[in-house]
Amino acid sequence: MRIRRKRIRARRLSSSPLVVGIDVGGTKTHLRALAGDAVVADHVRPSTGWRPHDAPAAARRLAETVREALPAGSTPAAVAVGAHACETHRQCARLRAAVAELLGVPALVVGDAELLVPAAGLDQGVGLVAGTGSVAVGRLPDGTSVQVGGWGAVLGDEGGAAGLVRQAARAVWAAHDRGEPPDPLTLALTGAFGVVEVPALGAALESATDVSAEWGRHAPVVFAAAEAGSPLARSVIAEGGRALAALVAGLAARGVPVDDVVVAGGTVLGRPALYGAFTAALAEAVPGARARPLAVAPVEGAVALARSIL
């Protein structure tokens, strides 16, 4: 991935505080810095090597990104980070403390899905991400953060790219066990994994070293098979939509306000069949909940959170 960078050369900046928002996703890290309404830096780099469980190393990486992106001699007044795979309050708190110590400024760290609601300009609601993986987050009326899903491709991530491929493999295996002839999904999936027969799919999936990425990159064949008329693929997509709606229903059951569901992620927003399956299932599972596709970059939510801690 090429690093994309826009920044103002060293000069007198606005008198407004300089705030930095960072969205660390599974694939790329996006930093945006603003002084008032002026964009001071807009910087994208790969997320390769991101390890949020190692707070000191992750904080050093974030501090390096900040120093690399900002004009020489400028210091942020606050930094907020939405961190992929930052899954618990304790983990995010450790990373926040490490970032604040390294940069010497107020800092906030949340899971990356928590950027969606503030990015949409809302005070409350649900952030739902379905990209390579899937997760839904929201806050109780007292401000406590609640997450549902996000358990990785082996155990969860239903409705995300990797989860769809896992479910497609299960559907193909079940059809094979029933003695059914290969349908377009069977042919597409065996071809994608480079095997000649359905029983070999198991070993092909198990050989992945990065399960989420290696399974997830084959998700397009599921949608192509559905367009080719595969009943198996269509059932997998419908199931994925129901699973995403169930994440929102799970938050609602725990007392999270779910009137607005801000949706992001290339898998759900880039595939009308899955988005339609999700919205139809959401209308049944949580009547009154409104799906709102995110129209801006999630990093805007990090900028909003950085301003909130000034």
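Residues numbered from 1 in each chain as written. Predicted model: local features only at pLDDT ≥ 70, side-chain atom pairs only at ≥ 80, totals over all residues. Heavy atoms only, no water.

## Quick word on the overall build of the protein
The helix and strand inventory of the protein stands at 12 helices and 11 strands. Expected size for 310 residues packed as a compact globule is a radius of gyration near 19 Å; at 21 Å, the protein falls within 12% of this value. Evaluated residue by residue, the protein yields a buried proportion of 50% over its 310 residues. Once local pairs closer than 6 in sequence are excluded, the contacts in the protein between residues at least 24 apart make up 67%. When the accessible surface of the protein is totalled, it reaches about 14300 Å², and 53% of it is carbon and sulfur. Charged side chains in the protein number 30 positive and 27 negative. The centres of these two groups are separated by 10 Å. (Helix = DSSP H or I, 4+ residues; strand = E, 2+ residues; numbered from the N terminus. Rg over C-alpha atoms; globule rule 2.2 N^0.38 Å. Buried < 20%, exposed > 50% of the residue type's maximum accessible area, 1.4 Å probe, protein only. Contact = heavy atoms within 4.5 Å. Areas by Shrake-Rupley, 256 points an atom, 1.4 Å probe, with all protein chains shown as cover. Lys, Arg positive; Asp, Glu negative; His and termini not counted. Charge placed at Lys NZ, Arg CZ, Asp CG, Glu CD.)

## Some remarks on the nonpolar core
Ranked by size, the top nonpolar core spans 52 residues in total, and within it Leu185, Val261 and Phe278 carry the most contacts. Contacts of Phe278, omitting those with residues within four sequence positions, involve Leu128, Gly241, Leu244, Ala245, Val248, Val261, Val263 and Ala291. In this structure, Val24, Ala58, Val66 and Val99 belong to the second largest nonpolar core, which totals 30 residues. (Core = buried A, V, L, I, M, F, W, Y, C linked by side-chain atoms within 4.5 Å.)

## Focus: helix 9 (residues 231-253)
For an α-helix, 3.6 residues make a turn, and residues three or four places apart therefore share a direction. The terminal C-alpha atoms of helix 9 lie 32 Å apart, and with 23 residues this matches the ideal 33 Å at 1.5 Å per residue to within 8%. Buried within helix 9 we find Leu232, Ala233, Val236, Ile237, Gly240, Gly241, Ala243, Leu244, Ala245, Leu247, Val248 and Leu251. Capping the start of helix 9 is the job of one residue whose side-chain oxygen sits 3.3 Å from the backbone nitrogen of Leu232: Ser230. The positive-phi residue at the C-terminal boundary of helix 9 is Gly255, with phi of around 95 degrees. (Expected span 1.5 Å × (residues − 1). Polar contact = N/O pair within 3.5 Å; in protein donor to acceptor, adjacent residues only side chain to side chain.)

## A short note on the sheet that holds strand 7 (residues 126-130)
If you trace the five strands from one edge of the open sheet to the other, you get 9-8-7-10-11, paired in mixed fashion. With one partner strand each, in any of the chains shown, strand 9 (145-149) and strand 11 (290-293) form the two edges of the open sheet. In this sheet, neighbouring strand axes are inclined to one another by 25 degrees on average, regardless of whether the strands run parallel or antiparallel. Across the sheet, helix 11 (residues 272-285) is in contact with strand 7, strand 10 (260-264) and strand 11; its angle to strand 11 comes to roughly 155 degrees. (Pairing = 2+ DSSP bridges. Axes fitted to C-alpha atoms, helices over the stretch in contact; angles between N-to-C directions.)

## Details of the state of the cysteines
Under the defined criterion, the tally for this structure stands at one disulfide. The residue that forms a disulfide with Cys86 is Cys92, at a sulfur-sulfur distance of 2.4 Å. Each member of the pair, Cys86 as well as Cys92, is classed as buried. (Disulfide = S-S within 2.5 Å.)

## Some thoughts on the pattern of salt bridges
Evaluation of the coordinates by the stated rule reveals eight salt bridges. A salt bridge links Glu64 to Arg45; the shortest N-O distance between them is 3.1 Å. Residue Glu64 is located in helix 1 (residues 55-69), and its partner Arg45 is located in strand 4 (residues 38-46); the two are separated by 19 residues in the primary sequence. For Arg166, the salt bridge goes to Glu158, with nearest N and O atoms at 3.7 Å. Since its relative accessible area comes to 32%, Glu158 is described here as partly exposed. (Salt bridge = Lys/Arg side-chain N within 4 Å of Asp/Glu carboxyl O.)

## Quick word on the packing of helix 1 against helix 2 (residues 89-103)
When two helices pack together, their arrangement is given by the angle between their axes and by how far apart the axes lie. Viewed as axis vectors pointing N to C, helix 1 and helix 2 meet at an angle of 45 degrees, and their least axial separation amounts to 9 Å. When the axis of helix 1 is compared with that of helix 2, the two are oblique. Between helix 1 and helix 2 lies a crossing whose hand is right-handed. Contacts between helix 1 and helix 2 involve Ala55, Ala58, Ala59, Arg60, Leu62, Ala63, Val66 and Arg67 from the first element and Arg94, Leu95, Ala98, Val99, Leu102 and Leu103 from the second. (Parallel < 35°, antiparallel > 145°, perpendicular 65-115°, else oblique. Left-handed = near helix turned anticlockwise from the far one by under 90°.)

## Side note on the environment of Ala192
You can see Ala192 is positioned in helix 5 (residues 184-192). Between the C-alpha atom of Ala192 and that of Ala168, which follows or precedes it by 24 residues, the distance is 12 Å. The contacts of Ala192, once residues within four sequence positions are left out, are His218 and Val221.

## Regarding helix 12 (residues 299-308)
Within helix 12, burial applies to Val299, Gly301, Ala302, Val303, Leu305 and Ala306. Elements in contact with the buried residues of helix 12: strand 2 (18-24), strand 3 (28-35), strand 5 (78-83), strand 6 (107-111) and helix 3 (116-119).

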